[in-house]
Amino acid sequence: MLTPQGLKGKQYRVTGNAYPRLGRPPKKSRKVMALIGSLLALALIALGGVQLYDIFTGKGKNASAQACATPSGKPLAAPTPTPDAPASDPHAIPQPAGFKLNVFNATTKSGLAGRTADEFTKRGFTVDKKGNAPAELDKKVPGTAVVIAGPAGAGAATLISSQIAGATVTTDARTDNTVDVVVGDSYNTLLDETQAAAALALAIKPSPTPSSTGSC
């Protein structure tokens, strides 16, 4: 004897190909199922509304960034903008009038230091001294020029070297930010201002670093 569900405890004998018809679930069960379905539909609608709100207000991007985590499992901190280099940074590129420049001639070409000094002056540089190179450098600069500065004049030396094609930079023990430029046998004139600006941009271009914007 079998008692299928929905037959309210009545027992039936199954014979032949005829099976008893199951009764419909109770009305109370149908109401509960309908209520659950309605709640699920409302929850899906609310979730969709929240996602649309995040998209239009930009919060979705922040959520994506916060989803990344370090190996320890903690969220990655938001990137901090790098502040501008302070004026006291010796590697910061100064204004042309922000330091004193000395121009020396290490060649046999007469008047080369004066002409070069005039070119620098026209570009806003402050020329302090000009004349023949000291004995240790006189006729000993085979290239275009040697730019000499102390640690405090590193940025100024970079700026000056960008004005002359092929110039090399050396460091001495001076403590101020003055810069010496000693022109050599291969020197003719300064680069034009467009070329000098391009050379400076290349000189101060930061070294490439691994991108921090990749996916988790």
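Within any chain, residue numbers begin from 1 and follow the written order of that chain's sequence. In keeping with the model being predicted, local features are shown solely for residues with a pLDDT of at least 70 and side-chain atom pairs are shown and tallied solely at 80 or more, while totals for entire chains, interfaces and linings include all residues. Excluded from the side-chain calculation are hydrogens and water; included are all heavy atoms of the structure.

Caption draft 1: Summary view of the side chain of Ser-161. Assignment of secondary structure puts Ser-161 in helix α4 (residues 154–161). Look at Ser-161 and you get buried, because its relative accessible area is 16%. Each polar contact in these results corresponds to two N or O atoms within 3.5 Å; when the atoms are within protein, one needs to be able to donate a hydrogen and the other to accept it, and residues that are neighboring in sequence are counted only if both atoms are side-chain atoms. Of the polar contacts made by the side chain of Ser-161, one reaches the backbone oxygen of Thr-158; its length is 2.9 Å. Think of it this way: any DSSP run of H or I at least four residues long counts as a helix, any run of E at least two long counts as a strand, and we number them from the N terminus. When accessible area is computed with a 1.4 Å probe and restricted to protein chains, residues below 20% of their type maximum are described as buried, those above 50% as exposed, and intermediate ones as partly exposed.

Caption draft 2: Spotlight on the packing of aromatic side chains. Whether two aromatic rings pair depends on their centres lying within 6.5 Å, for rings of Phe, Tyr and Trp, where Trp uses its six-membered ring; planes under 30 degrees apart make the pair stacked, over 60 edge-to-face, and the rest tilted. For the structure shown, the criterion picks out two aromatic pairs. Relative to Phe-125, the ring of Phe-99 lies with its centre 6.1 Å away and its plane at 65°, an arrangement referred to as edge-to-face. Placement of Phe-99 in the loop between α2 (59–67) and β1 (100–105) and of Phe-125 in the loop between α3 (112–122) and β2 (126–132) is noted, with a sequence separation of 26 residues between them. These aromatic residues form a ring-pair network of at least three members: Phe-99, Phe-120 and Phe-125.

Caption draft 3: Structural context of the pattern of salt bridges. Every case where a carboxyl oxygen of Asp or Glu lies within 4 Å of a side-chain nitrogen of Lys or Arg is listed as a salt bridge. Taken as a whole and judged by the stated rule, the model has three salt bridges. Notably, a salt bridge pairs Arg-174 with Asp-172, separated by 2.7 Å at the nearest N-O pair. Asp-172 gets classed as partly exposed once you look at its relative accessible area, which sits at 28%. Between Arg-174 and Asp-180 there is a salt bridge, and its shortest N-O distance comes to 2.8 Å. Connected through shared salt-bridge partners, Asp-172, Arg-174 and Asp-180 make up one network.

Caption draft 4: Spatial organisation of the nonpolar core. Residues grouped as a nonpolar core are buried Ala, Val, Leu, Ile, Met, Phe, Trp, Tyr and Cys residues, joined through side-chain atoms within 4.5 Å. Among the nonpolar cores identified, the biggest contains 23 residues, and Leu-101, Phe-120, Ile-160, Ile-164, Val-179 and Val-181 are the most heavily contacted of them. For this core, the secondary-structure elements that each account for two or more residues are β1, α3, β3 (145–149), α4 and β5 (179–183). We call two residues in contact when some of their heavy atoms are within 4.5 Å. Not counting the four nearest positions on each side in its chain, Val-181 is found in contact with Leu-101, Asn-102, Val-103, Phe-104, Phe-120, Ala-145, Val-146, Val-147, Ile-160 and Ile-164. Phe-104, Ala-133, Val-141 and Ile-148 belong to the second largest nonpolar core, which has seven residues in total.

Caption draft 5: Highlighting the sheet that holds β1. When DSSP finds at least two bridges between two strands, those strands are taken to pair. Taken in spatial order, the five strands make up an open sheet running β2-β1-β5-β3-β4, and their pairing is mixed. Looking at strand neighbours, the two that pair on one side only are β2 and β4 (168–171), the edges of this open sheet. Averaged over all neighbouring strand pairs, the angle between strand axes comes to 20°, with direction disregarded. One ladder, built from five bridges, connects β1 with β5; its direction is parallel. Its bridge partner being in β5, Asn-105 is matched across the sheet by Val-183. Note on geometry: axes are lines fitted to C-alpha atoms, helical ones only across the stretch in contact, with angles between N-to-C directions running from 0 to 180 degrees.

Caption draft 6: Region of interest: a nonpolar patch on the surface. Side chains of Leu-35, Leu-39, Leu-42 and Ile-45 sit close together on the surface and give an oily, nonpolar patch of about 440 Å² of accessible area. Among the secondary structure elements, Leu-39 is positioned in helix α1 (residues 27–57). Surface patches are defined over residues having more than 30% relative accessible area and no salt bridge, joining like charges when they lie within 9 Å and nonpolar side chains (Val, Leu, Ile, Met, Phe, Trp, Tyr) when within 5 Å. Residue exposure ignores everything except the shown protein chains as possible cover, and the areas themselves are Shrake-Rupley values with a 1.4 Å probe.

Caption draft 7: Region of the structure containing the environment of Thr-126. Among the secondary structure elements, Thr-126 is positioned in strand β2. By relative accessible area, which is 33% here, Thr-126 ends up partly exposed. In the structure, Thr-126 is positioned 24 residues away from Asn-102 in sequence and 8.7 Å away in space, judged by C-alpha atoms.

Caption draft 8: Up close: unusual backbone geometry. A positive phi is found at Lys-139, a non-glycine position, where the angle reads about 60°. As for its position among the elements, Lys-139 is in the loop between β2 and β3. Residue Lys-139 is classed as exposed on the basis of its relative accessible area of 51%.

Caption draft 9: Geometry of α3. Along α3, the residues classified as buried are Leu-112, Ala-113, Thr-116, Ala-117 and Phe-120. Along the axis of α3, the buried positions cluster into a sector of 130°, meaning they face one direction only. Elements that come into contact with the buried residues of α3 comprise β1, β2, α4 and β5. Following α3 by one or two positions, Gly-124 adopts a phi angle in the positive range, close to 95°. Taken from the helix axis, the directions to the C-beta atoms give the arc we talk about.

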